[in-house]
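One letter stands for each residue in the lines below.
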Amino acid sequence: MPKKLTSVNELKFNPAGKVFPSPRDWREQFIYFLLVDRFDNNKQNIPPYNPDSTPKGRDPQQGGVFQGGNLKGIIRRLDYIHSLGCTAIWLSPIFKNRKEKNDSYHGYGIQDFLEVDKRFGTKKDLQQLVKEAHARGMYVILDIIINHTGDNWAYPGDYPYYYWKDAPGPFDFGFWREVDSAQGLQKDDAVWPLEIQNLQSYKRRGQIRNWGDRDEAVNGDFLSLKELDITRPDVLNTLIKAYKYWVAVADIDGFRVDTVKHMEDTATAIFCNAVREYAKKIGKDNFFIFGEIVGNDMELQRYIGRNSRIPGTNERFPSLDAALDFPLYFILEEVIKGFLNPSHLRERYDRFKTLYADHGEASRYFVTFVDNHDQMSRPYRRFMHGNPNTGQAVLAIGYLLTSQGIPCIYYGTEQGFDGGGDNDRYVRECMFGGNWGAFDTTGVQFFDDKHEIYQGIKSIAEIRTKEPALKYGRQYFREISEDGRWFAYPDNGQSTLAFSRILDTDEVIVAINLDSAPRQDCITVDINLTPPGSKLINILAGGKSLAVKESSGRAYVRVPLQGHKMAILRAPKKK
């Protein structure tokens, strides 16, 4: 049995063989995000879900504890993910959490940064998963945490301590949490690597109460998780080495960084730069680092498309490559469902021109999504919660696949998962069933590649791979008209949402019927690229041909769409 790693000084950073190269541009990818514990448990003969006959009823307590999903289960479902059209997998944290806790199934309370949690598998399982993904031309992204560790120690008396802005200094340290009776700290005790057993590694300011206060959010503990002081070079260097090790040993292709808004900007930038430089040195020229920043565009722009200055110097290090697109998340669902004026979408993209780069290139800075595991700033519910219309799920993911950004789908969305409740367990149901299956079930699995949502997403994803404009193009929302004479931007949910993606001389037009009733709206197109008299084909409907016409100097195309359906139009390709 290999020796357990205890210190970052024991780590080796030379890859075992030739590394898998990075993608040319991450905008070419379609990310599938899953919670390891809730995806697949690698057990055979689990019956499929049948909405007509599967019994209902489950214990809500099961949603808060480990269910048994593991890395081997993901390996056997790689073809399911790949067939959907996804080319990258983002895994929830796989590092060891506290052995005695059964409620940290999500992986965000790390106890050992140098070991895979046995409940998920082994280091060899992770290596095999990455190898199998790479064999399919897919990439693997790990969710990582540098802001905090798990609840590995207690304040005096094991009482909850809360942030106090005027505290004269750190609160006293109580004790390390131990589960092994042997003398000294064993591998299931305290925290590892041993470098962060130094008490000065922690800010020790107590739990955050006022999440809107910047100082408190950055310096307080995230609930019971213990805030690291990453402004200390020794702490930051330890974390850099730990995560470089996982790139070396498992050939990882990217990181998603948790709780970025709770970290100092400079330390975040130093970490990202160090990992990125290391990856480039070993042959991964475009290692991808994106972060979770729950906020508006003014908040996000501090981390992306900009540099962070090192205090007291003129030196700048690049920070995150991209951020989860929370500003889009906050409005897209309501626009697709017809509850919010589509003008909110147009206004959001207009901000790109001033906050980021050229609004075509700004797409590289965002990982777009409609569902996730936290549902921050909105009730705990998935996109399909209380919604019987599966077509809207296809429209939502279809929008991500055809608009600016790097699209990401949350596991189960393609199966119509509709969880919702008073806490996050209801948006973290098991694909393999277990004791916490979707739709209030247990013991049945949901890997139906014939599901109408799965098939709808797959069709759009296949088109995206063949159309560079859908990955790189500038985006222009288009005015529409019912009669071909009076054109205006749509202002309600009973309309067609339309936009063009333009790359060089190619224009691809996307039309989304937000209405449940059929529509035949006229959509403005670029008169120079798509002139009157030319033809467009709907590549999402077998190549049906549509004529481009003219009205008062405007070029347009009339697009018939059934309720909650989508069209993707382009000129016929020259032979």
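Report follows, based on the coordinates. Just so we're clear, the structure is a prediction, and the values are computed from it rather than from any experiment. (Residues numbered from 1 in each chain as written. Predicted model: local features only at pLDDT ≥ 70, side-chain atom pairs only at ≥ 80, totals over all residues. Heavy atoms only, no water.)

Once that is clear, we can look at the sheet that holds strand β14 (residues 322-324). Read around the closed barrel, eight strands run β1-β2-β5-β10-β11-β14-β15-β17, paired in parallel fashion. If you compare each strand with its neighbour and ignore which way they point, the axes differ by 30 degrees on average. Looking at chain direction, strand β11 (residues 288-291) and β14 are connected through two bridges and run parallel. Among the inter-strand pairings, G291 is bridged to a residue of β14, identified as A323. Sheet strands touched by helix α4 (residues 123-135): β2 (88-91) and β5 (139-144). Its angle to β5, the strand with the most contacts, is close to 140 degrees. (Pairing = 2+ DSSP bridges. Helix = DSSP H or I, 4+ residues; strand = E, 2+ residues; numbered from the N terminus. Axes fitted to C-alpha atoms, helices over the stretch in contact; angles between N-to-C directions. Contact = heavy atoms within 4.5 Å.)

A word on the packing of aromatic side chains. The geometry of an aromatic ring pair is captured by two quantities: the separation of the ring centres and the angle between the planes. On inspection of all chains with the given rule, the structure shows 46 aromatic pairs. For the pair Y32 and F39, a centre-to-centre distance of 5.8 Å together with 70 degrees between the ring planes defines the contact as edge-to-face. F39 matches Y32 in its accessibility class, with the two residues each being buried. Judged by centre distance (5.1 Å) and plane angle (40 degrees), the rings of Y49 and F446 are tilted. With Y49 in the loop between α1 (36-39) and α2 (71-76) and F446 in the loop between β18 (420-421) and α13 (452-466), this pair connects stretches of sequence that are 397 residues apart. Take F446: its relative accessible area is 3%, and that puts it in the buried class. For the cation-ring pair, R382 lies above Y411, with the distance from its terminal atom to the ring centre recorded as 5.3 Å. (Phe/Tyr/Trp six-rings, centres within 6.5 Å; stacked < 30°, edge-to-face > 60°. Buried < 20%, exposed > 50% of the residue type's maximum accessible area, 1.4 Å probe, protein only. Lys NZ or Arg CZ within 6 Å of the ring centre and 35° of its normal.)

The subject of this paragraph is the packing of helix α9 (residues 326-336) against helix α12 (residues 390-402). Here α9 crosses α12 at 140 degrees, and the two axes come no closer than 10 Å. Judged by the angle between their axes, α9 and α12 are oblique. Note on packing geometry: the crossing formed by α9 with α12 is right-handed. Together, L328, L332 and I336 of α9 and Q392, L395, A396, Y399 and L400 of α12 make up the contact between the two elements. (Parallel < 35°, antiparallel > 145°, perpendicular 65-115°, else oblique. Left-handed = near helix turned anticlockwise from the far one by under 90°.)

With respect to the helices and strands, the residue R256 is situated in strand β10 (residues 254-257). Since its relative accessible area comes to 0%, R256 is described here as buried. Here R256 is in contact with W90, Y108, I141, L142, D143, I144, F290, E292, L324 and H373, once residues within four sequence places are set aside.

With that settled, consider the sheet that holds strand β21 (residues 496-503). Each strand in a sheet pairs with another by means of backbone hydrogen bonds, the pair being arranged parallel or else antiparallel. The strand order across the open sheet built from nine strands is β19-β21-β22-β27-β24-β25-β26-β23-β20, with neighbouring strands paired in antiparallel fashion. The sheet terminates laterally at β19 (474-477) and β20 (480-481), the two strands that pair on one side only. Examined bridge by bridge, strand β24 (residues 535-538) and strand β27 (residues 566-570) share two bridges and lie antiparallel to one another. For I537, the partnering residue across the bridge sits in β27 and is R570. Helix-sheet contacts for α12 involve β19, β21, β22 (506-513) and β27, and the interaxial angle to β27 is about 25 degrees.

Here we come to the nonpolar core. Y32, L91 and Y399 are the most contacted members of the largest nonpolar core, which has 151 residues in total. Sort the elements by how many residues they give to this core and helix α6 (residues 233-250) lands first, with 11 residues. L91 has contacts with L34, V36, L71, I74, L126, L129, V140, I141, L142 and D143, leaving out every residue within four places of it along the chain. Core analysis: the second largest hydrophobic core is formed by 15 residues, I480, A498, V559 and L561 among them. (Core = buried A, V, L, I, M, F, W, Y, C linked by side-chain atoms within 4.5 Å.)

Okay, unusual backbone geometry next. The omega torsion of the bond from W192 to P193 falls at 10 degrees, within 30 degrees of zero and hence cis. Positionally, P193 belongs in the loop between β8 (175-176) and α5 (214-219). A positive phi angle, near 60 degrees, is found at D440, a position not held by glycine. Here D440 lies in the loop between β18 and α13. At H564, a residue that is not glycine, the phi angle is positive and equals roughly 55 degrees. As for its placement among the helices and strands, H564 is situated in the loop between β26 (554-561) and β27. Here H564 falls in the buried class, since its relative accessible area comes to 9%.

Attention now goes to the pairing of β21. Where burial is concerned, most of β21 is hidden: seven out of the eight residues are buried. Direction of pairing for β21 relative to β22: antiparallel, over a ladder of eight bridges. Within β22, the residue paired with F499 across the bridge is V510.

Enumeration according to the criterion identifies 51 salt bridges in this entry. When the shortest N-O distance is used, the salt bridge between R364 and E361 registers 2.4 Å. Using a relative accessible area of 31% as the deciding quantity, one classes R364 as partly exposed. By relative accessible area, E361 is classed as partly exposed at 31%. In this structure, the salt-bridge partner of R428 is D424, at a minimum N-O distance of 3.4 Å. Exposure remark for D424: the relative accessible area of 25% places this residue in the partly exposed category. (Salt bridge = Lys/Arg side-chain N within 4 Å of Asp/Glu carboxyl O.)

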